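Listed below are the residues making up each chain.
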Amino acid sequence: MNHSNSSAAATASGSADAANLRRNSRRPKYSKFTQQELPACKPILTPKWVISVFTIVGVIFIPIGVASLLASRDVVEVVDRYDSACLPANVSHKDDKVAYITDRDTDKSCTRTVKITKDMNQPIYVYYQLDNFYQNHRRYVKSRNDQQLRDKNEANETSNCDPEKTTADGKPIVPCGLIAWSLFNDTYSFSRDGKNITVNRKHISWKSDRDHKFGSDVYPKNFQNGTLIGGGKLDSNLPLSEQEDLIVWMRTAALPTFRKLWGKIEVDLKENDTITINLENNYNTYSFSGKKKLVLSTASWLGGKNDFLGLAYLSIGGFCFVLALLFTLLYLIKPRKLGDPSYLSWNRNPAGQ
Amino acid sequence: MPLKYHSNYISTTKYNVITFLPKAIFEQFRRVANLYFLLAAILSLTPVAPLSAVSMIAPLAFVVGLSMAKEALEDWRRFIQDMKVNSRKVAVHKSEGLFGYTHWQKLRVGDLVKVEKDQFFPADLLLLSSSYEDGICYVETMNLDGETNLKVKRSLEVTLPLDEDEAFKDFRGIIRCEDPNSSLYSFVGNFEYQQQVYALDPNQILLRDSKLRNTQYIYGVVIFTGHDTKVMQNSTDSPSKRSRIEKKMDKIIYVLFSVLVLISLISSIGFAVNTKYYMPNWWFLEPKNTNDLYNPDKPALSGLFHLITALILYGYLIPISLYVSTEVVKVLQAMFINQDLHMYDEETGIPAQARTSNLNEELGQVHTILSDKTGTLTCNQMDFLKCSIAGVSYGVGSTEVEIAAAKHMSSESDFGTSEIEIEPSTPMTPVFERVRKSTIKGFNFEDDRLMNGSWTHEPNSGKILMFFRILALCHTAIPELNEETGVFTYEAESPDEGAFLVAAREFGFEFCKRTQSSVFVRERYSPADDLVEREFKVLNLLEFNSKRKRMSVIVRDESGQILLLCKGADSIIFERLSKTGRTFEGDTTRHLSEYGEAGLRTLALSYRVLEESEYLAWNAEFVKAKTSIGADRDVQLERVAELMEKELILVGATAVEDKLQRGVPQCIDKLAQAGLKLWVLTGDKMETAINIGYACSLLRQGMKQICLSAAPSDPTQPNAKQAVKENLSLQISNAIQMVKLERDPHAAFALIIDGKALTHTLQDDLKARFLELAVNCASVICCRVSPKQKALVTRLVKEGTGKTTLAVGDGANDVGMIQEADIGVGISGVEGMQAVMASDFAISQFRFLERLLVVHGHWCYKRVAQMICYFFYKNIAFGLTIFYFEAFTGFSGQSVYDDWYMLLFNVVLTSLPVISLGAFEQDVSSEVCLQFPALYQQGTKNLFFDWYRILGWMGNGLYSSLVLYFLSVSIFSSESAFRSDGQTADMAAVGTAMFTCIIWAVNIQIALTMSHFTWIQHLFVWGSIASWYLFLLAYGAGSPLISGNAFQILVEALGPTAVYWLSTLFIAVVCNLPYLAHISYQRACNPLDHHVIQEIKYYKKDLEDHDMWKRERSKARQETKIGFTARVEAKIRHLKCRLHKKIPSLTIQTVC
């Protein structure tokens, strides 16, 4: 029997060797990754964490809110709505307004005066603001061709530009498309006490647009030559890269009420200064009852006048303090020792359900 | 050959090279979301589309391509598996009596094959002859029907001479038979040979995938090949299973579709109104010069076109990458399952295998497990463990479950019994430390009183000698000498018998030779003695069958004495004892019940000394009965045998352990604690099943057993069936009453039902009540069930309770239930791949089920649930911002975001974090999952994917979308400059800023959702945010022809702008504040179990307060009545009660 035992063991180990080779090939290789044992940080929401997170959010948000609000309050903004004021007195019906504005031959100049409410330091930005103008309409947004704007050899590339692709006799329009065709063309000039204020119209567009998207050797061609005239015309002797009004206009706005930069006044304006604005009211917003406004505004480090960000930061910051307080109260009133096993379901319902 | 037969090539693949593309593409687009995206992609080529074609087609191609690649890979694996089978080799008759090896797949109908011992039959064969003279062979059909005992097949007498290669030189014969069909137990045909026609019956048919055993070789003719074989006819296409979560996900997608259609309708109505009433005034759009898309004169038509546009535009509500992300995640999860070293079986070298990856999360929701017995719970190996001889019990070994229970008891006693001192006076206490050192298969007996010949010093050595002789003589096995070791191994009909012979050998009674008339035993009484070979003439053999429940041999020993040696079920033997033979009846009965409780299989052994004359008289009658022809031959034989098997003298009893697979009791205990129910469905007979029930602690003493069995009916009676059914119905009603009236909270019921009764109870009118009874019982054991019934029971549980079922089995007979259950698990490692091939998961040991469910199931469930919820959140948050913007563009279908942003959102910018959530999240570590099985109930109760939670996440998405859009738009108002040099924000700037906020918000959200950060999560979450900025830089630096207004947007317009960064900070925080407050509140006031455990781990309380940890671990389980823990508890209760009665003055808090 001893004999049989030992020999059985011997064969067992002998075959085990052979089997080992076969086995090891299928044995999964150990790695922390495959065994899901990678070292991990397992943060949990302790009361300390909860309260500190809310407090920290509050502590960060309130100063930001205050700073934003101050910045916004610093901005001086003068807004003058002129779309109805610049109509002749006898025009009141909408159709008349449209007839008036689309009549190319009438003189549409108009003079407005605004009072500066507060000292304005240069640079003072001049914006026009349109209302109810759907620059974000899909038909409108798509109606352009970047290739053509950039490269003079691609003038024939007018795809997507429907319905302002070509003139009636089939010549390609440069710049083609509805956006360019409907270019805003009111003009403004400013004077204070009879003295002209120069408005810098350069560099109101993005530099990248001027350098890369609108070619310096691309000139307007066949633009606004058709029977249906949209907005402004372009100087066909100026390359597109210098037609900054067009470049700004081509940056379609996200919402139907928008402002676009028209120029910069590079002198300070004082409180109670009266500015006289000579404007040409060319652009048709009367069809769709859109307002037109002229805006003079300074800018802070945050940009224009917009209290929203500051107020939002302040209120959420405050709200976080309240939350922190509420959670502190909660933990005080209804304390639960962390990791207290009595909260485990089987301890709460002893029946095990 | 008039008919074209199938070749023997089998294929289980779904596709082939040609059909792959069309079929796989068709499969992909059966998913409604994919179909939608396909339509969207096609439409994106038309001017209707709001987005560029590439932004629609690229993600779709990516998503579909990835899914198809996965399909291809899975099918390739199946192909390789098939090839393995197809290229097995078998000896085939080539010509002129020569046999040569060829691949299985090359076999043709009519080929002559020679199959050798332990080989599988390559096709359905007609048995011609075997290595035995009488043309019998033994066949193991475990792969077909799961029965483990060998079956005898017998060739026709006329073909017996064909027993060598040469004989087939000029062999000619014609077989006519029925068409291929799936019935395993019938065969009709005839065999025309040498101008004679012989009828064939199933006895001559060897079926593919059964195995030749105990026979050197057989010759056979191929009748059915390949897919015509019975086994292939029986295989059904595995149904494609989908998890509950995925089905629910579809519902959510339908909800989102409805939302999508709704907002699209709103949009298109808005658009139509705008187009009709306002657009004529919008001269800048040249309203008079339009096509049908924007025609103010035909607003309805334009609106209709716009509906399509809107449906495409808002498509971001439907997460296109959801399917592909879940697929990637599930492949990763499956990889983790495959790679898990804790589920790798060192012995067989087989790792766990997730064969389909789409059921991973279902593993976390299982409610009922239906398990096969043989090969799954047990190894199909019997170990001789104990015996009782002459009223003395021998054998100190203990069963797995006793060891496990003893271990548990000792750990319990650390604190559990501190309130009351009980010395658990069970015999099992000291044994668990003993290491099992027995390496002999079939023998696990340890007792120095019997071993190494010391039994000769025992008082009843005569009886002991007789006991050993009965073991060595009373059987039908054949010895086989292992040439290398010189040890005999035995080919026995049943593993019990093998265990007896091994035991006899170890005791010194080595059965070494069987001839036609004699059995030779080498006896050695003590190690010092020489071997004495004794011959016993076998005079008669009274065979075992399930009705007789006993077998006897009549032998004449060397001294000429005639002995009848009989072994059988105790009840059968005891009623046949002589008056003088009952000396040890009392003690033996006691021992037998102890063994039975421990789950051991018992047999009683007895003998009788026969007088020569008495024998001769009986033998004459026996021979007469044996040679009688006709239907009553068996009855006659039985009657004659009965005459002899009486007046027996009891020697003792054996206890054989039907060896459980390793770790089965512990695993069952854990699964029970996790709240899972376990049903055992076995083809074995009721006694065996009950034994195993005890062995696995599914049954215990004190449990009320409800046995349902069909009353034997008289088939001649006209309403026999009806009567049986009514009887059963009555039994069920009574049982239900009994269960209902039970007041003792600790009372447990066990339902045991046999196959015959099941056929009736599974009928429509009874099954509801049967199920009602079954779910109220702690354990359910179905015995003698057919494969079909297994599947039916599974379906009954699945459909009746509506809960997730998991079927686990190892043999072909389990295929039905594996396919029927929500999850099928195959035990790999034993021969036969059918179960594994049909299964969704394959593990090599039952015990791995614990880890598969409690760890992987739990994780996968939570991961997938959270991931899908997050997906919907993310896409709602993003998709709705597009809708809001529409309202401000006159519903024209313009998106505020660049096409590229939208394209990248789902595919790149937010996909990796969500994949890392789905693949790597762990709420608690695997150890904790195992220590607190109750955590598993989170999945069964579906805490993480109920509508409350889903709607909560959707609400969160809605809130975030509102915050994202309206705050962004208010901050980046087009009415004021957004930077110090005066420019106002155009659409590109607003869109980019808003998109930045979205990226931050959703990524912070996922970081808050995760509770487990490895470097991967950090990399993916923060990397996604970083990659957005990197993309923006790269996109801005590229050609302005591609980027349009986004050209240099970060460098020039947004980067230097304070508002941009402040808005990002603000919006990202505001989006996540409510969620943070919600989870903080929930954790503070209503913590879930895993929260508390996370905290305990976080503060390392488990290390400081060991007792608490241990106590909670022991409590962290569902109220269960099965498993050894429950058994130990029942025992403790019992002891406490006894103590209570003894010392009534002592006040003890116990529940009795």
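Residues numbered from 1 in each chain as written. Chains lettered and ligands numbered in written order. Predicted model: local features only at pLDDT ≥ 70, side-chain atom pairs only at ≥ 80, totals over all residues. Heavy atoms only, no water.

1. So, the overall build of chain B
Looking only at helices and strands, chain B features 38 helices and 32 strands. Along the longest, intermediate and shortest principal axes, the C-alpha atoms of chain B span 125 × 95 × 60 Å. The proportion of buried residues among the 1152 residues of chain B is 60%. When contacts within chain B are restricted to residue pairs at least 6 apart in sequence, those whose partners lie at least 24 apart make up 74%. When the accessible surface of chain B is split by element, carbon and sulfur atoms take 56% of a total near 45500 Å². Positive and negative charge centroids in chain B, built from 116 and 128 side chains respectively, lie 3 Å apart. (Helix = DSSP H or I, 4+ residues; strand = E, 2+ residues; numbered from the N terminus. Buried < 20%, exposed > 50% of the residue type's maximum accessible area, 1.4 Å probe, protein only. Contact = heavy atoms within 4.5 Å. Areas by Shrake-Rupley, 256 points an atom, 1.4 Å probe, with all protein chains shown as cover. Lys, Arg positive; Asp, Glu negative; His and termini not counted. Charge placed at Lys NZ, Arg CZ, Asp CG, Glu CD.)

2. Comments concerning the UniProt feature "transmembrane region" (unreviewed entry) in chain A
Residues annotated by UniProt as "transmembrane region" (unreviewed entry) correspond here to residues 49-71 and 311-333 of chain A. The straight-line gap between the two end C-alpha atoms of residues 311-333 of chain A is 32 Å; of that span, 100% is helix and 0% is strand. (UniProt positions renumbered as here; feature names shortened; annotations may be inferred.)

3. Focus on the domain arrangement of chain B
Residues and elements named next belong to chain B. What the domain assignment reports for chain B is domain 1 (90-225), domain 2 (236-318), domain 3 (345-378 + 662-711 + 731-855) and domain 4 (381-408 + 439-658). Placing a centre on the C-alpha atoms of domain 2 and another on those of domain 3 gives a separation of 50 Å. Taken together, the 10 residues of domain 2 in the interface contact 15 residues of domain 3. Together, the buried faces of domain 2 and domain 3 total about 930 Å²; carbon and sulfur atoms form 39% of this surface. Considering only the side of domain 2, the residues that lose the most area to domain 3 are Lys241, Ser243 and Arg244, jointly responsible for 66% of the buried surface there. Run the count over domain 2 and domain 3 and you get 2 salt bridges. We note a salt bridge from Arg244 to Glu362, for which the minimum N-O separation is 3.3 Å. Our count for the contact surface shared by domain 2 and domain 3 stands at 5 residue pairs in polar contact (both at pLDDT 80 or more). Partitioned by chemical class, the residues of the side of domain 2 that touches domain 3 number 2 nonpolar, 3 polar and 5 charged. (Domains from an automatic or database assignment. Buried area = accessible area lost by both parts, 1.4 Å probe. Salt bridge = Lys/Arg side-chain N within 4 Å of Asp/Glu carboxyl O. Polar contact = N/O pair within 3.5 Å; in protein donor to acceptor, adjacent residues only side chain to side chain. Nonpolar A, V, L, I, M, F, W, Y, C, P; charged D, E, K, R; others polar.)

4. Description of the packing of helix α1 (residues 17-28) of chain B against helix α3 (residues 53-86) of chain B
All names here are of chain B. For the pair α1 and α3, the least separation of the axes is 10 Å and the interaxial angle reads 120°. Viewed along their axes, α1 and α3 adopt a mutual orientation that is oblique. Taken as a pair, α1 and α3 cross one another with a handedness that is right-handed. Together, Phe20, Leu21, Ala24, Ile25 and Gln28 of α1 and Val64, Ser67, Met68, Glu71 and Ala72 of α3 make up the contact between the two elements. Split into classes, the residues belonging to the contact of α1 with α3 amount to 7 nonpolar, 2 polar and 1 charged. (Axes fitted to C-alpha atoms, helices over the stretch in contact; angles between N-to-C directions. Parallel < 35°, antiparallel > 145°, perpendicular 65-115°, else oblique. Left-handed = near helix turned anticlockwise from the far one by under 90°.)

5. Here we look at the sheet that holds strand β12 (residues 217-224) of chain B
Residues and elements named next belong to chain B. Ordered in space as β2-β1-β3-β12-β4-β10, the 6 strands form an open sheet in which the pairing is antiparallel. Only two strands of the sheet have a single neighbouring strand rather than two, namely β2 (98-103) and β10 (205-206). Across 6 bridges, strand β1 (residues 89-95) lies against β2 in antiparallel orientation. Within β2, the position partnered with Ala91 by the bridge is Tyr101. (Pairing = 2+ DSSP bridges.)

6. Side note on the UniProt feature "active site" (unreviewed entry) in chain B
All names here are of chain B. Mapped onto this structure's residue numbering, the UniProt feature "active site" (unreviewed entry) falls at Asp372. By the secondary structure assignment, Asp372 is in strand β14 (residues 366-372). Non-local contacts of Asp372, meaning those with residues more than four positions away in its chain, are made with Leu377, Leu681, Lys790, Val808, Gly809, Asp810, Asp814 and Met817. Here the side chain of Asp372 touches Thr376 through a polar contact of 3.2 Å, side chain to side chain.

7. Quick look at the domain arrangement of chain A
All names here are of chain A. Partitioning chain A into domains gives domain 1 (45-75 + 300-335) and domain 2 (77-298). Contact residues are listed per partner, giving 6 residues for domain 1 and 4 residues for domain 2. Broken down residue by residue, the surface that domain 1 buries against domain 2 is led by Arg73, Val75 and Lys305, which jointly contribute 78%. Linking domain 1 with domain 2 are 0 salt bridges, by the criterion used here. Remark: the boundary between domain 1 and domain 2 carries 0 residue pairs in polar contact (both at pLDDT 80 or more). Within the side of domain 1 that touches domain 2, the residues separate by chemical class into 1 nonpolar, 2 polar and 3 charged.

8. Some remarks on the packing of aromatic side chains
Under the definition given, this model contains 86 aromatic pairs over all chains. Ring plane angle 35° and centroid distance 4.5 Å describe the contact between Tyr134(A) and Trp282(B), whose orientation is recorded as tilted. On the criterion of chain membership, the pair formed by Tyr134(A) in the loop between β3 (124-130) and α4 (138-141) and Trp282(B) in the loop between α6 (244-278) and α7 (299-313) is interchain, its members lying in two chains. Since its relative accessible area comes to 13%, Tyr134(A) is described here as buried. A relative accessible area of 4% means that Trp282(B) is categorised as buried. Here Phe187(B) and Phe224(B) contribute two aromatic rings whose centre-to-centre distance is 6.4 Å and whose plane-to-plane angle is 70°, an arrangement assigned as edge-to-face. Within this pair, whereas Phe187(B) is found in the loop between β7 (174-177) and β8 (189-193), its partner Phe224(B) is found in strand β12, the two being separated by 37 residues in sequence. Of the two residues, Phe187(B) and Phe224(B), neither departs from the other in class, the shared state being buried. Residue placement shows Arg201(A) over the ring face of Trp262(A); its charged tip is 3.8 Å from the ring centre. Over the ring of Trp104(B) we find Arg88(B), and its NZ or CZ is 4.9 Å from the ring centre. (Phe/Tyr/Trp six-rings, centres within 6.5 Å; stacked < 30°, edge-to-face > 60°. Lys NZ or Arg CZ within 6 Å of the ring centre and 35° of its normal.)

9. Section: the interface of chain B and chain A
Opposite the 123 residues of chain B that make contact, chain A presents 119 residues. Roughly 10400 Å² of surface becomes buried between chain B and chain A when both sides are summed, with 60% attributable to carbon and sulfur atoms. Where chain B packs against chain A, one counts 3 salt bridges. Note that Arg336(A) is salt-bridged to Glu1095(B), the shortest N-O span being 2.7 Å. Linking chain B with chain A are 31 residue pairs in polar contact (both at pLDDT 80 or more). Ranked by the residues each element gives to the side of chain B that touches chain A, the list is headed by helix α34 (residues 1058-1085) of chain B, at 16 residues.

10. A word on unusual backbone geometry
A cis amide bond links Gln122(A) with the next residue in sequence, Pro123(A), at an omega value of 0°. Along the polypeptide, Pro123(A) turns up in the loop between β2 (109-115) and β3. Here the residue pair Val174(A) and Pro175(A) is connected by a cis peptide bond, since its omega of -10° sits within 30 degrees of zero. Phi angles above zero are rare outside glycine, and Gln195(B) is one such case at about 60°. Examined against the element boundaries, Gln195(B) turns out to sit in the loop between β8 and β9 (196-200). We classify Gln195(B) as exposed; its relative accessible area is 80%. Not every positive phi belongs to a glycine, and Glu647(B) is a case in point at roughly 55°. Accessibility expressed as a relative area gives 46% for Glu647(B), which makes it partly exposed.

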